[in-house]
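# Notes for the structure review
Listed below, chain by chain, are the residues.
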Amino acid sequence: MPVYRPPRIAASDITPRDIYMSRRKFMGTAAAGFVMAGAGSALAAPLTAAPSRFSTDETLTPKEAVTTYNNFYEFGTAKSDPAQNSGQFEPLPWSVKVDGMVGKPREFGIEELMKMQLEDRTYRMRCVEGWSMVIPWVGFPLSALLDQVEPLGSAKYVSFETVVRPEQMPGQTGFFQPLEWPYVEGLRLDEARHPLTILAVGLYGETLPNQNGAPIRLVVPWKYGFKSIKSIVKISLVEEQPQTTWKNSNAREYGFYSNVNPAVDHPRWSQATEQRIGDGGFFSVANRPTLPFNGYADEVASLYEGMDLKANF
Ligand SMILES: Nc1nc2c(c(=O)[nH]1)N[C@H]1C(S)=C(S)[C@@H](COP(=O)(O)O)O[C@H]1N2
Ligand SMILES: [Mo]
């Protein structure tokens, strides 16, 4: 991944959380749930979502930064590429195939997934590159989807796959390919079933912009951002630890677990601190301490009892 360069965000760009939340409340009464935009349309549709006890009340990262400073290598490797190069991507029609070691394998249309009980999940997001954001996702627990397909006792892991569409994803064409496609990720089944793990279908109260993983992406807030795979077309329940794109690309630098851990440095930089995008404006530096499990230790540390977190990064 390229070396991190801080974006320039003025303090005035930051949306105070109370303003956003009161706007959300208004939209909750005004919007009649998900409005399907036409196929291929990038029109953002408002979403209705219930509050969640898992949401942080920290200052939100401005929507402008969340939607223009992205990692989505299918659209290019520069932070500005996904927003600039994803205009022709068609998130509709869409479906997600759920298969493998399950009693009831099936394909879910996106319309059906949008009708799940949606919640506001405002989470910290920590990229392995050393920056972080606070993003108000709209989504539902992955466990709610897994329940519907009835995982078998033999299932130990969940694997995820992003769409491959070179004709709409310029990062998948050309001579230089930074990663292998499809982008794949994975979780242990207990991580996948954890209540913090969500499938997000929106952010800031609207359907996901293409650059953030439209129409549906994973969010696992205690792990480095690359685990949160975008634009998912397939979810499989499997017995063995799944392949993951960044580990395949460089196993020494990017592990399967990738839990946020200030005590385990990346081979090329420290993970002890981070820069919260929007903090400190122009002279912003990576000065905020990084928290174990990205601040979600109370919720998730028990998943890793007895495991050597330094060896199993
Ligand atoms: N398919 C796919 N998913 C992906 C990526 C990617 O390049 N391709 N980048 C990951 C990385 S490194 C991060 S930090 C987050 C960024 O999510 P955001 O752009 O919505 O903040 O998406 C993750 N999911
Ligand atoms: Mo990342």
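Conventions adopted
- Residue numbering note: each chain is counted from 1, following its sequence as written.
- All chains are assigned letters beginning at A, and all ligands numbers beginning at 1, according to the order in which they are written.
- Predicted model: local features are reported for residues with pLDDT of at least 70 only, side-chain atom pairs are reported and counted for 80 or more only, and whole-chain, interface and lining totals are derived from all residues.
- Side-chain figures throughout are based on the complete set of non-hydrogen atoms in the structure, without hydrogens or water.
- UniProt positions are given in the numbering used here, feature names are shortened, and annotations may be inferred rather than shown by experiment.
- Only heavy atoms are used to decide nearness, and a residue is near a molecule or strand if one of them lies within 4 Å of it.
- Whenever two N or O atoms come within 3.5 Å, that pair is a polar contact, provided that in protein one can donate a hydrogen and the other can accept it, and provided that, for residues adjacent in sequence, both atoms are side-chain atoms.
- Accessible areas in this description were obtained via Shrake-Rupley with a 1.4 Å probe; residue shielding takes into account the shown protein chains only.
- Residue polarity follows a fixed list, in which Ala, Val, Leu, Ile, Met, Phe, Trp, Tyr, Cys and Pro are nonpolar, Asp, Glu, Lys and Arg are charged, and the others, Gly among them, are polar.
- A run of DSSP states H or I qualifies as a helix once it reaches four residues; a run of E qualifies as a strand once it reaches two. Both are numbered from the N-terminal end.

Per an unreviewed UniProt entry, the protein is named Protein-methionine-sulfoxide reductase catalytic subunit MsrP, and its organism is Pseudorhizobium pelagicum. For the protein, the Sequence similarities (unreviewed entry) comment in UniProt is given as "Belongs to the MsrP family." Per UniProt, the comment on the protein under Subunit (unreviewed entry) is "Heterodimer of a catalytic subunit (MsrP) and a heme-binding subunit (MsrQ)."

Every one of the 17 residues lining ligand 1 counts as a neighbour, but Asn70, Tyr73, Glu74, Ser228 and Lys230 are closest to it. Contacts to ligand 1 include glutamate 74, whose side-chain N or O atom sits 2.8 Å from a nitrogen atom. Take arginine 217: an N or O atom from its side chain is 3.0 Å from an oxygen atom of ligand 1. When the free accessible area of ligand 1 is taken as 540 Å², the share hidden by the protein chains comes to 99%. Its residues placed into classes, the shell around ligand 1 shows eight nonpolar, six polar and three charged.

Moving on: unusual backbone geometry. Excluding glycine, a negative phi dihedral is what most residues carry, and trans is how most peptide bonds are arranged. Residue proline 93 is bonded to the preceding leucine 92 through a cis peptide linkage, with omega at -5°. In this structure, proline 93 sits in the loop between helix H3 (81–85) and strand S1 (95–100). Cis geometry marks the peptide bond from tryptophan 181 to proline 182, where omega comes out at 0°. Summarising the element assignment, proline 182 is placed in the loop between strand S5 (157–162) and strand S6 (184–188). Backbone geometry at glutamate 150 places phi at a positive 55°, although glycine is not the residue there. Structurally, the position occupied by glutamate 150 is in the loop between helix H5 (142–149) and S5. One non-glycine residue, tyrosine 204, lies in positive phi territory at about 50°. Within the element layout of this structure, tyrosine 204 appears in the loop between strand S7 (198–203) and strand S8 (206–207).

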